[in-house]
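In case you want the letters, here they are:
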Amino acid sequence: MSLDRYFSTKKRKVPVDENEKPSSADSPAAKRKRQAFTYREEWAVGRHTWLYFVPNEGMYCRLCQKYNKCPYDRDTWNKTPCRRLRLISVKEHEQSVAHNDSVKLELMHTTTQNIGETVQPVVKEDAIVSAFKCLYHLAKRRIPHTTNFEPLLDLLTELGLSVK
């Protein structure tokens, strides 16, 4: 077999039309190969509370750092950055058990902090001192303070002292 015949019998993928391109170049695998893997700001949309990027290092998770959680028993995302700059990496971390634990802890922390801010009313120091004097009076005379303390504070309010 001659070389001319060998090369002429091989089928080549040639576009039928001049404007038509081979379909293999438009496949998803080819697009992935052409993508430059860099951090994109749109990845942080909806994740801005925990995802942040340090240039020339990688991506970190604020919540995993705050609560010292290590996803998949590795310190990636916590102490060392995630250098695999792909959206799938962000999504995998977002679904990890350690990250979800961190999210729950953060939610509990913010909830209890908000409750503490709303429940504690601003009370004058004089009112607190008066209430403790009443409680001391009841305890000194061995009167049950669990049932009599509230009516005693109501009496002081009627007398013109603001103790509540």
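Scope of this entry: the structure provided in the associated data block. (Residues numbered from 1 in each chain as written. Predicted model: local features only at pLDDT ≥ 70, side-chain atom pairs only at ≥ 80, totals over all residues. Heavy atoms only, no water.)

### Some remarks on the side chain of serine 102
Part 1 of the argument: Examined against the element boundaries, serine 102 turns out to sit in helix α5 (residues 97-119).
Part 2 of the argument: On the accessibility criterion, serine 102 (0% relative accessible area) is buried.
Part 3 of the argument: In this view, serine 102 contacts Leu63, Cys64, Tyr67 and Lys69; residues no more than four positions away in its chain are not counted. (Helix = DSSP H or I, 4+ residues; strand = E, 2+ residues; numbered from the N terminus. Buried < 20%, exposed > 50% of the residue type's maximum accessible area, 1.4 Å probe, protein only. Contact = heavy atoms within 4.5 Å.)

### Some points on helix α6 (residues 125-140)
Part 1 of the argument: The end-to-end C-alpha distance of α6 is 22 Å, a good match for the 22 Å that 16 residues give at a rise of 1.5 Å each.
Part 2 of the argument: Residues of α6 that are buried include every one of Ala127, Ala131, Cys134 and Leu138, and no others. Looking down the long axis of α6, one finds its buried residues gathered within 60° of arc, a one-sided arrangement. Those residues of α6 that are exposed and angled more than 90 degrees off the buried face are Glu125, Asp126, Phe132, Lys133, Tyr136 and Lys140.
Part 3 of the argument: Where α6 is buried, its residues meet α7 (145-158). (Expected span 1.5 Å × (residues − 1). Arc of directions from axis to C-beta.)

### Here's the deal with the environment of threonine 146
Part 1 of the argument: Within the secondary structure, threonine 146 is located in helix α7.
Part 2 of the argument: Taking relative accessible area as the criterion, threonine 146 reaches 67% and is therefore assigned exposed.
Part 3 of the argument: On a C-alpha basis, the gap between threonine 146 and leucine 135 in space is 9.7 Å, while along the polypeptide they are eleven residues apart.

### Focus: the nonpolar core
Side chains that are nonpolar tend, in soluble globular proteins, to be buried together.
Part 1 of the argument: If you look at the biggest cluster of nonpolar residues, it comprises 13 residues, and the most contacted ones within it are Trp50, Leu51, Met59, Trp77 and Val90.
Part 2 of the argument: At the level of secondary structure, the elements contributing two or more residues to this core comprise β2 (58-61) and α3 (62-66).
Part 3 of the argument: Aside from chain neighbours lying at most four places away, what touches tryptophan 50 is Tyr60, Cys61, Arg62, Leu63, Trp77, Val90, His93, Glu94 and His99.
Part 4 of the argument: Within the second largest apolar cluster, seven residues are counted, among which are Ala131, Phe149, Leu152 and Leu156. (Core = buried A, V, L, I, M, F, W, Y, C linked by side-chain atoms within 4.5 Å.)

### With respect to the packing of aromatic side chains
Each aromatic ring pair is specified by the distance between its two centres and by the angle formed by the two planes.
Part 1 of the argument: A complete count under the given rule lists two aromatic pairs for this structure.
Part 2 of the argument: When the centroid spacing of 5.4 Å and the interplanar angle of 20° are considered together, the rings of tyrosine 52 and tyrosine 60 count as stacked.
Part 3 of the argument: The partly exposed category is assigned to tyrosine 52, whose relative accessible area is 22%. (Phe/Tyr/Trp six-rings, centres within 6.5 Å; stacked < 30°, edge-to-face > 60°.)

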